[in-house]
Amino acid sequence: MLRAFAPVPVVELSSKERIQAIFAARDKLYVGLASGALKVYSVSPSTGSSSAPTTSPPEPAKLVTTIDQFTKRAVEQLAVLEEARVLVALSDGYVYLYDLDTYALQERLHRTKGAFVMATSSDLEFDKPFVALSSDGSLPNPSAADIQGTVSRLVVSARKKLHCYEWQGAELIGSREISIPERPRSLTFIRPDKILCGLVVEYFLVDISASTVSSVFAAGRPVGPLNGAIAGVAANIGDITSSASASARRQGCALAALLPEDDSVLLVNEFSSAFLSAETGGFIKTKKPIKWKDVPAMLGYTYPYVISVAANSKRLEVRSPKTYTVLEAINFPTLAHLHDGRYPFVASSRQIWQLSIKSFEEQVRILVDQNQLDEAISLAEGLDDVFITDRTEMLRKLKMMKAEELYMRMKFQQSMMMFSEVSAPPERVLALYPAVIAGDAARKDDDVGEATEGHKQDETEADNNGTSDIAPLVNGKDKTDGDAASVASTNPDAQRQKDVEFFDRFLRPSILSSTKPPNGVVAKYTSSGADTMSVADSLANFLSIGKNSRITAPSEAASVSDFGGPESLDGKALNKAVRCLLIYLIDTRRKIARLASVESGTITKEDLELVSTEKMTAATFGADLGKEATIVDTALLRCYMLINPQLVGPLVRLPNHCDKDVVRQQLLSHDKPTELVDFYYTKKLHRDALELLKELGDSRQLSELSGPEPIVEYLQKLGQEHINLVFEFATGPIRMDEQYGIDIFMANTPEAESLSRTAVVKYLSGISRSLTIKYLEHLVFSLGDLSPDFHNELAVAYLEDIKTNAQLYSLDDDMLQRPLDKLLRLLRESRQYRPERILSVIPRDSSLLLEAKAILFSRIGEHKRALEIYVFNMKDYSKAQEYCMNVYDTDAPNNKTVFHTLLELYLRPPGIRVTLSNRMAPSRRSSNSSSMYNLSASPPPPPPSLLLQKSPSSSSLSSMPSYEVPAMNLDAALDLLSNHGSRVSAIDALELLPSDIKMTALGPFLEAHLRTTTASVTRDRLFASLLKTELVRTQQALVDLRSRNIVISDTRVCPVCVKRLGSSVISVFPNRTVVHYGCAKQYRETLKQ
């Protein structure tokens, strides 16, 4: 059993003296005797105080003073109002007030005649129940401000009235009387202004500030007038009606004790008990009543324990602050008095024992030595941080030990939920599992044997001396956090069989330190496990533990974990243990992700609230969060592969920290290459993924990843940062089918559009010219890329395609005509290419590209050279006129003479250079339609000397060019003048026309020209008339405005400044408003608004 208190005798009186009352306050112990004397003892400041537990035995009390005639009769009860500096004594039915320093009588409270019991309270006790200790171990003195503002109360029960006295600081500020139904046997303050009165078998609550009395409930007898309204509530709380005899009930009274840690009140009557909320005054139905072995005669609370004295007055019981089980029972010869609170003392009629509380850390060690982990956890949870160094870490390690114990007892779900609650390190949890789940974190068989022997040795030592080595736990170290062994697994089936054997050895009964408990939840979880509970609820929707079982709440945990003894642990039990492990792994994965977000600075408000609530740091799981995340995710992968491989897909497709070697081995062994490719993509291991796809695509074994399609689909997901990988692995599929190149580089995806277009063009030009043309067409026509380089490259690619096809196909073949049409379309529609660059590539003697050259000359403003091609080389006069119309309609001023240029070419054609090849061209064309004409679209005018020379000999034609002057094309010129004569100057046209032309031929031209000229003159005359009309209208408006007059009288004022206009300079607005000239600007702003 726990030894929380060490009873040490500190006072022993003579046989003639009898103790009647005791009270302890700070370093003083007040003892009232039956003779009416008062003895004051001095005790050590750090002894006997629950605020300062110690391992050293208390020193004997030193007698300070003795007052023989303190009262005339026996001192029945003592109390101290420390802030008011008053010592209160109850004697002979009256209450006496004494000076706390001199012990001089100040006053006898006459209205307390017939006093039976009294109680005191202070606001300071409720506001600051736990305070930090001074350097000497004593409680610090309250400050003057605290004392001055503190209200102290004294309540005395006299007959059927409560007399209430109040002090503020050291000044008595008032008193009042409250009538009550019966005289109470006990008084307990549950709030500074609320007191609970215990009768023989019932309770009622008194609100001192409001002077109201309310009934609580009756116990031990039929329902009476005070408890009829709540009899139903009392029936639900527990066995309120006791089976004890009537005589026993008459001798006892209803007891109560305030429990500050959960703000509740323990009510006890004989063998029954209930809990009351100190805040609301209602019953707490969630707390089970305490079943007493013996009827308590006295009840109290000393932090953090509930203490009671049995009715036989020989045994003191100490109960747990959470479970209320008896942790310690101390037998005394006899007990008559109990003083609880910060200074616990017990006394008989002649002797006083001080209950020296041991160090709380030592108490926890003792409970762990006795294998009472539940009680150790309960004690650590109920303590304040000031009493245990690093209490949070101690509690965390205690719960990890409890979770390991639950695992040993095959209560897997409860174990994992507790591991998750305390955020246990993954290595410690996975060390309980075999290598098929834990991997390198699994223990070796040698480690298991050492752990077993060590456990047996610890049990033997605990049986011999009642202690064990728990110091590392309290000091923040944990012996179970050893180095994990490395276990390699290559054959899953063989490894799984080894793991089952490992479990059978590891969980043998000799390891367990206690017998198997009955079915049910062993540990009572606190509210800190709420997040773990939510994880269990969410997992229950898609995980199934066995065929006929499911993940349940802690209330159903017995049915889940009742797998039988360790001997029955087989593959099915291992499967269930792994499913429960998912609870811990998923919750830990979430926590590590939140901590990583905090460290990286990408934290959200939800993350911040989570971290601040759970008080997690990176050190909670280890110094390296990345390593811990790898351990957790890899273990989660192994769990999925063991229980349900279909769950692996979502894990590997989302961001994770799984070990890539383990993932490759696991997925390939289970024939899941698709999931492995998804994992590589998630981890950005694109080269590994592409090499795997290439290996699978080249293999003869048919699968869903065979062929080049999977590689193409993967490459479509890569962007500019992986362009080298795209070029490296796209070559093979493109050489097989150019459509794959279209799918990779021309897909409507952000990844394809992010690729460097210049690099792609350079890459494709080395593989396929047709694919290069398609990509450039995609850039120019589909995406509207305005880069001149791409337009030039596309034009050059068309020219190369035409040059190649011209040697293979005839002129009217579609294979030759299609690229030619595309080239002409590009040259007409695009404005981004450089004409000089393309002209330099076009062969000078190409007859297929004459129109292309004409378009290019038009782009650079060489309209005459372009028209020469249409007129002399192509002899297409309609296209020449169409060209002039398109150019004439533009805004450039030099384009207005284009029709004159065409007319000049018709009537005065320049000389054209003709070589020998020109003369032989007709015969060659007839023999080979793909031959090129040696025509120059930009010949220099022939020198006059050459035009006057005779025809050269045939021997000189091969070495010297000659010039021919084409005949005048009068028909084309007249057609041009008849259609577009208005756009040509009549004077210039008549100068170009031959003098012998007939006037009938010029009729249409002259009619059109005269019609145009007449229309222009008429239009100008009409415009002049309109201007004259507008001038007359404007002059009339001016006359009207000048004819207006404004009368300024002596009484007319300015609407802006409200002053007389008088003879000041004024401004008149169109609305006939008159203002001062200086106010005109302000009035104008007013009109705008």
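Scroll up to find the structure this text is about.
On a predicted model such as this, the values are computed, not experimentally measured, just so you know.

**A short note on the nonpolar core**
Then, in step 1: Formed by 109 residues in total, the largest nonpolar core has its most connected members in Tyr 433, Leu 581 and Phe 745.
Then, in step 2: Among the elements that take part in this core, helix H19 (residues 625–643) stands out by supplying 12 residues, more than any other.
Then, in step 3: Sequence-distant contacts of Phe 745, defined by excluding residues within four places in its chain, comprise Val 726, Phe 727, Ile 734, Ala 752, Leu 755, Val 760, Tyr 763, Leu 764 and Tyr 775.
Then, in step 4: Counting residues in each nonpolar core, the second largest holds 48 residues, with Leu 255, Trp 292, Leu 338 and Leu 395 among its members.

**Here's the deal with the packing of aromatic side chains**
Then, in step 1: Evaluated as defined, the whole model comprises 20 aromatic pairs.
Then, in step 2: Among the aromatic residues, those joined into a ring-pair cluster are Phe 70, Tyr 96 and Tyr 98.
Then, in step 3: Taking NZ or CZ as reference, Arg 183 lies 4.4 Å from the ring centre of Phe 116, over its face.
Then, in step 4: Over the aromatic face of Tyr 681 sits the side chain of Lys 717, whose NZ or CZ is 4.4 Å from the ring centroid.

**Some words on helix H34 (residues 863–873)**
Then, in step 1: Taking burial as the measure, the 11 residues of H34 include 8 buried ones, the bulk of the element.
Then, in step 2: Turning to H34, its buried residues number three or more, namely His 863, Ala 866, Leu 867, Glu 868, Ile 869, Tyr 870, Val 871 and Phe 872.
Then, in step 3: Positive backbone phi, at 50°, marks Lys 875, one or two positions downstream of H34.

**Describing the pattern of salt bridges**
Then, in step 1: Scanning the model with the defined rule gives 35 salt bridges in all.
Then, in step 2: Close ionic contact of Glu 405 with Lys 402 constitutes a salt bridge, the shortest N to O distance being 3.8 Å. With Glu 405 and Lys 402 both in helix H7 (residues 391–408) and 3 residues apart, this pair spans about one turn of that helix.
Then, in step 3: For Lys 402, a relative accessible area of 1% puts it in the buried group.
Then, in step 4: Note that Arg 428 is salt-bridged to Glu 404, the shortest N-O span being 2.7 Å. Of this pair, Arg 428 sits in helix H9 (residues 426–430) while Glu 404 sits in helix H7, and the two are 24 residues apart along the sequence.
Then, in step 5: The class of Arg 428 is buried, set by a relative accessible area of 4%.
Then, in step 6: When its relative accessible area of 11% is taken as the criterion, Glu 404 is described as buried.
Then, in step 7: One network of salt bridges, with partners in common, ties together Asp 294, Arg 315, Glu 317 and Arg 319.

**Side note on the sheet that holds strand E20 (residues 272–277)**
Then, in step 1: In space, the 3 strands of this open sheet follow the order E18-E19-E20, with antiparallel pairing throughout. The open sheet is flanked by strand E18 (255–259) and E20, the only strands paired with a single partner. Strand-to-strand twist in this sheet, taken as the mean axis angle between neighbours without regard to direction, amounts to 20°.

**Observations regarding the pairing of strand E3 (residues 28–33)**
Then, in step 1: Burial analysis of E3 places 5 of its 6 residues in the buried class, which makes it a mostly covered element.
Then, in step 2: Bridge count between strand E2 (residues 19–25) and E3: 6 bridges; the pairing is antiparallel. What sits directly across from Ala 25, in E3, is Lys 28.
Then, in step 3: What sits between E2 and E3 in their antiparallel hairpin is a turn of 2 residues, with Arg 26 showing a positive phi close to 55°.

**Some words on the side chain of Lys 672**
Then, in step 1: If you trace the backbone, Lys 672 turns up in the loop between helix H21 (660–669) and helix H22 (673–682).
Then, in step 2: Buried charge without a partner: Lys 672 forms no salt bridge, and the closest opposite charge is Glu 675, 4.2 Å away.
Then, in step 3: Discounting chain neighbours no more than four positions away, the residues touching Lys 672 are Pro 645, Gln 646 and Leu 667.

**Considering the sheet that holds strand E9 (residues 105–109)**
Then, in step 1: Ordered by their spatial adjacency, 4 strands build an open sheet running E6-E7-E8-E9, and the pairing between neighbours is antiparallel. Only two strands of the sheet have a single neighbouring strand rather than two, namely strand E6 (75–81) and E9. Each adjacent strand pair in this sheet contributes to an overall mean axis angle of 20°, direction not counted.
Then, in step 2: In this structure, strand E8 (residues 94–99) lies alongside E9, joined through 4 bridges in antiparallel fashion. What sits directly across from Leu 97, in E9, is Glu 107.

**What about a nonpolar patch on the surface?**
Then, in step 1: A cluster of nonpolar side chains, namely Leu 808, Tyr 809 and Met 815, defines an oily patch on the protein surface of about 280 Å² accessible area.
Then, in step 2: Relative to the elements of secondary structure, Tyr 809 occurs in the loop between helix H30 (788–806) and helix H31 (814–829).

**Overview of the environment of Ala 310**
Then, in step 1: On the secondary structure map, Ala 310 appears in strand E22 (residues 305–310).
Then, in step 2: Through-space distance from the C-alpha of Ala 310 to that of Lys 293 is 8.9 Å; in sequence the pair is 17 residues apart.

**A look at the environment of Val 309**
Then, in step 1: Here Val 309 lies in strand E22.
Then, in step 2: A relative accessible area of 0% places Val 309 in the buried class.
Then, in step 3: Apart from residues no more than four positions distant in its own chain, Val 309 is found in contact with Val 295, Pro 296, Ala 297, Met 298, Arg 315, Leu 316, Leu 335 and Leu 338.

**Focus: helix H26 (residues 738–745)**
Then, in step 1: Taken as a whole, H26 has its buried residues at Tyr 740, Gly 741, Ile 744 and Phe 745. Taken end-on, H26 shows its buried residues confined to a sector of 110°, consistent with a single buried face.
Then, in step 2: Where H26 is buried, its residues meet helix H24 (709–715), helix H25 (723–736), helix H27 (750–754), helix H28 (757–765) and helix H29 (769–782).
Then, in step 3: The N-capping residue of H26, defined by a side-chain oxygen 3.1 Å from the backbone nitrogen of Gln 739, is Asp 737.

The rules behind these values
- Residues numbered from 1 in each chain as written.
- Predicted model: local features only at pLDDT ≥ 70, side-chain atom pairs only at ≥ 80, totals over all residues.
- Heavy atoms only, no water.
- Core = buried A, V, L, I, M, F, W, Y, C linked by side-chain atoms within 4.5 Å.
- Buried < 20%, exposed > 50% of the residue type's maximum accessible area, 1.4 Å probe, protein only.
- Helix = DSSP H or I, 4+ residues; strand = E, 2+ residues; numbered from the N terminus.
- Contact = heavy atoms within 4.5 Å.
- Phe/Tyr/Trp six-rings, centres within 6.5 Å; stacked < 30°, edge-to-face > 60°.
- Lys NZ or Arg CZ within 6 Å of the ring centre and 35° of its normal.
- Salt bridge = Lys/Arg side-chain N within 4 Å of Asp/Glu carboxyl O.
- Pairing = 2+ DSSP bridges.
- Axes fitted to C-alpha atoms, helices over the stretch in contact; angles between N-to-C directions.
- Lys, Arg positive; Asp, Glu negative; His and termini not counted.
- Patch = residues over 30% accessible without salt bridge, like charges linked within 9 Å, V, L, I, M, F, W, Y side chains within 5 Å.
- Areas by Shrake-Rupley, 256 points an atom, 1.4 Å probe, with all protein chains shown as cover.
- Arc of directions from axis to C-beta.
- Polar contact = N/O pair within 3.5 Å; in protein donor to acceptor, adjacent residues only side chain to side chain.

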